[in-house]
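Below, each chain spelled out in residue letters.
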Amino acid sequence: MKVLVVNAGSSSIKYQVFDMTDESVLAKGLVDRVGIPGTSLKHEPTGKDEVIIKKDLPDHTEGMKLVFEVLVNPEYGCIKSMDEIGAVGHRVVHGGEEFASSVVIDDHVKKVIKDCFDIAPLHNPPNLMGIEACQSLMPNVPHVVVFDTAFHQTMEAANYMYALPYDVYEKFRVRRYGFHGTSHFYVSHRAAEMLGKPYEDCKIITLHLGNGASMAAIKGGKVVDTSMGFTPLEGLVMGTRSGDIDPAIVFYLMDKLEMNSSEANSYFNKKSGMLGLSGVSNDLRDILAAAKTGNTRAQIALAVYYNKVKGYIGNYIAKLNGCDCLVFTAGVGENAADIRESVCSDLDYLGIKIDAEKNNVRGKEVDVAAADSKVRIFVIPTNEELVIARDTFQLATK
Ligand code: ADP
């Protein structure tokens, strides 16, 4: 069976086609600026040259129509007809407390996705638009949803409750959910294979360090804790998100900078983090380069970043009562050897020692720990699309 994986954002659609007989990727691509003048589609068929198509598209349905045209194109397509696609897997950010695993989409599932609009206003509405666009064009195949929050639903109240009046949890669902679940799931399973131990016997700390960043502590096959919370704003310092701060700063700055709640939301999500602190960029490559040339703010930003990650490593080792491995993944975790080295420096008390030479790698599955490190340190490129394709295939063929 061939499976189409779709990740619809507010103005973008990412897609991949998998042949599930060997889990190979037949093609992948991205439609950018959907609904905004200047739409373009970048299509990368495996083994053929990439194709860029520029065509203004008013909405996600027209965007998906163009994707379908490209997929069956005799020259650069990867299938003869859309009938070859046996199921479609959709990434959806928020499944609330209702879903701890992937499900076939029906009216109830769509209602749950909609019910989460107010707690995931930037993500769930476009995710649902993508689902409805695909369902209208492919009504006769199963559509499956894979939630970013699902893997973290194994957290216990000790880690998902905030110390707020209990009724805000009951009335408004204010609790910690966690995100990037599909990535933490994938890399932690790969890590267990690299450790050569059953997954259920492992204590794993995963570090998904991209522009958005989160960590998870996993024990007995369950997420014990994760760093993102009610929204992706909590936790680590990210490209443009502040991560953990004293909540009093929010209302103090709303007064001082005369911001309403939506302006404050954008301030802490889009103007803060490494961008706000360094004044250089949200991209760690630029900040590393600036720090090397003596830019003090870039140096401080990096020091704050490392400090925060180290703090979570210590926190999670305490919560897991030990740790078999750290796993670095996503744009920063997979590619930035100097950041991995700084994060792991001076942690030998916790049994963490990195080997600078082995660590000099990018985007490969490899153990970069020193021979005498008690904790293994893995670099594992994430593959959320493969998890979505596998879940979709499994549910569609059940
Ligand atoms: P997201 O999916 O959250 O948008 P990614 O996981 O794709 O992010 O990561 C993108 C980020 O990875 C970039 O913003 C950049 O900071 C970082 N990055 C990529 N390559 C490197 C590198 N060689 N060194 C440092 N940072 C890198």
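The structure displayed is predicted, hence computed values, not measured ones.

Q: Just to check I follow, could you spell out the nonpolar core for this structure?
A: Generally speaking, a soluble globular protein has its nonpolar side chains buried in company with each other. Counting 49 residues, the largest nonpolar core has Tyr305, Ile313 and Leu326 as its most contacted members. Listed by contribution, the elements that provide at least two residues to this core are strand 9 (203–209), strand 10 (213–219), helix 10 (284–292), helix 11 (296–320), strand 12 (325–329), helix 13 (337–344) and strand 14 (376–379). Examining the composition of this core, we find that eleven residues originate from one element, helix 11, more than from any other. The contact partners of leucine 326, leaving out residues within four places of it in the chain, are Ile205, Leu207, Ile313, Cys344, Ile352, Val375, Arg376, Ile377 and Phe378.

Q: Looking at this structure, how should I read the sheet that holds strand 5 (residues 51–54)?
A: For sheets, the rule is that strands pair by backbone hydrogen bonds, running either parallel or antiparallel. In space, the eight strands of this open sheet follow the order 5-4-3-2-1-6-8-7, with mixed pairing throughout. Single-partner strands in this sheet number two, and they are strand 5 and strand 7 (103–104). In the sheet, strand 7 pairs with strand 8 (residues 143–147) via two bridges, with the strands oriented antiparallel. Following the sheet pairing, valine 104 is matched in strand 8 by valine 144. Lying over the sheet, helix 1 (residues 60–71) contacts strand 1 (2–8), strand 2 (12–19), strand 3 (24–32), strand 4 (40–45) and strand 5, oriented at roughly 35° with respect to strand 2. Across the face of the sheet, helix 14 (residues 384–396) comes into contact with strand 1, strand 2, strand 6 (85–92), strand 7 and strand 8 while running at roughly 130° to strand 6.

Q: I keep staring at the environment of valine 224 and nothing clicks. Help me out?
A: Assignment of secondary structure puts valine 224 in strand 11 (residues 222–226). In sequence terms valine 224 and tyrosine 160 are 64 residues apart; their C-alpha atoms lie 9.4 Å from each other. Once you skip the residues sitting within four places of it in the chain, valine 224 turns out to touch Met155, Asn159, Ala217, Ile218, Lys219, Lys319 and Leu320.

Calculation notes
- Residues numbered from 1 in each chain as written.
- Predicted model: local features only at pLDDT ≥ 70, side-chain atom pairs only at ≥ 80, totals over all residues.
- Heavy atoms only, no water.
- Core = buried A, V, L, I, M, F, W, Y, C linked by side-chain atoms within 4.5 Å.
- Buried < 20%, exposed > 50% of the residue type's maximum accessible area, 1.4 Å probe, protein only.
- Helix = DSSP H or I, 4+ residues; strand = E, 2+ residues; numbered from the N terminus.
- Contact = heavy atoms within 4.5 Å.
- Pairing = 2+ DSSP bridges.
- Axes fitted to C-alpha atoms, helices over the stretch in contact; angles between N-to-C directions.

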